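# Structure assessment
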Amino acid sequence: MSEEAPDEKPAAATGEEEEEEDEEDLEKLQKEIERMEAEAARITKETEELEKKKEAKLAATGGTSGGDKKTDGETPSRDGHSIYVGQVDYSATPEELLNHFEACGTVERVTIVCDKYTGKPKGFAYLEFQTEAAVENALKLEGSEFKGRTLKVTPKRVNVAGFNQQQAYEQGGR
């Protein structure tokens, strides 16, 4: 029994040291957690500030966010706010088209389609409006004169994937 007694005292001393070490480790972990939570809160705050700045900048420019990717389900509504404008003069600028259609409503975007090799305009454009009512007003400008040419204004057509293959199949083609 005398041999077991000396073993118990060092074991008890070792247990107390382990508890102290565990408490120190726990305190260190809690401090690290507090530091990480403070950093996460700082990052969240900075992110919110950046998003507010981005929204304010977009509102000032009237653009849309590049990060707002639309899914296929949302594309038709976006296209529902767009028109095709044909017979556009080759020297026309987006600003001139914007001025021609601004009475219809707020124009979000003007796209003059250009040849990818030469960079020269193809003679047609797309305009995107904020509301469908503006699109209806713009369609009333069908046949209006712009830079000496009669414009063709129609709702933007949406390509349906596989549309031509389905027609060919129904007609007995390949």
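Structure report, in brief. Since this is a predicted model, take the numbers as computed values, not measurements. Note on numbering: residues in each chain are counted from 1, in written sequence order. Selection of residues for local features in this predicted model requires a pLDDT of at least 70, selection of side-chain atom pairs for listing and counting requires 80 or more, and totals for whole chains, interfaces and linings are taken over all residues. Heavy atoms throughout the structure, all of them, feed into the side-chain values; hydrogens and water do not.

## Quick word on the packing of aromatic side chains
Pairing of aromatic rings covers Phe, Tyr and the six-membered ring of Trp, with a centre-to-centre limit of 6.5 Å; geometry is then stacked below 30 degrees between planes, edge-to-face above 60, and tilted otherwise. If you walk through the whole model with that rule in mind, you get three aromatic pairs. Taking the centre distance of 5.9 Å and the plane angle of 65° together, the rings of Tyr84 and Tyr126 count as edge-to-face. Placement of the pair is Tyr84 in strand β1 (residues 82-86) and Tyr126 in strand β3 (residues 121-129), with a sequence separation of 42 residues. For the pair Phe124 and Tyr126, a centre-to-centre distance of 6.0 Å together with 90° between the ring planes defines the contact as edge-to-face. Residue Tyr126 is classed as partly exposed on the basis of its relative accessible area of 29%. An aromatic cluster of at least three residues, connected via ring pairs, comprises Tyr84, Phe124 and Tyr126. Per the convention used, a helix needs a DSSP run of H or I reaching at least four residues, while a strand needs a run of E reaching at least two, with both numbered from the N terminus. Exposure classes here rest on a 1.4 Å probe applied to the protein chains alone. A residue is buried below 20% of its type maximum, exposed above 50%, and partly exposed in between.

## Considering the pattern of salt bridges
Within this document, salt bridges are pairs made up of a side-chain nitrogen of Lys or Arg and a carboxyl oxygen of Asp or Glu, the two lying within 4 Å of each other. Under the criterion given, the structure shown has five salt bridges. Across the pair Arg35 and Glu32 runs a salt bridge whose closest N-O atoms are separated by 2.5 Å. Of this pair, Arg35 and Glu32 are both found in helix α1 (residues 4-61), three residues apart, which corresponds to roughly one turn of the helix. Residue classification places Arg35 among the partly exposed positions, given a relative accessible area of 44%. A residue is classified by how much of its surface remains accessible, and Glu32, at 35% relative accessible area, is partly exposed. Between Arg42 and Glu46 there is a salt bridge; the shortest N-O distance is 3.0 Å. With Arg42 and Glu46 both in helix α1 and four residues apart, this pair spans about one turn of that helix. One salt-bridge network, in which partners are shared between bridges, spans Glu32, Arg35 and Glu39.

## A look at a negative patch on the surface
Taken together, Glu16, Glu17, Glu18, Glu19, Glu20, Glu21, Asp22, Glu23, Glu24, Asp25 and Glu27 make up a surface patch of like negative charges. Here Glu24 lies in helix α1. Patch membership needs two things, relative accessible area over 30% and no salt bridge, and members are linked within 9 Å if like-charged or within 5 Å if nonpolar (Val, Leu, Ile, Met, Phe, Trp, Tyr). Surface accessibility follows the Shrake-Rupley procedure with a 1.4 Å probe radius. Residue values consider only the protein chains on display as shielding. His is not counted here, nor are the chain ends, while Lys and Arg score as positive and Asp and Glu score as negative. Just so you know, the charge point we use is NZ for Lys, CZ for Arg, CG for Asp and CD for Glu.

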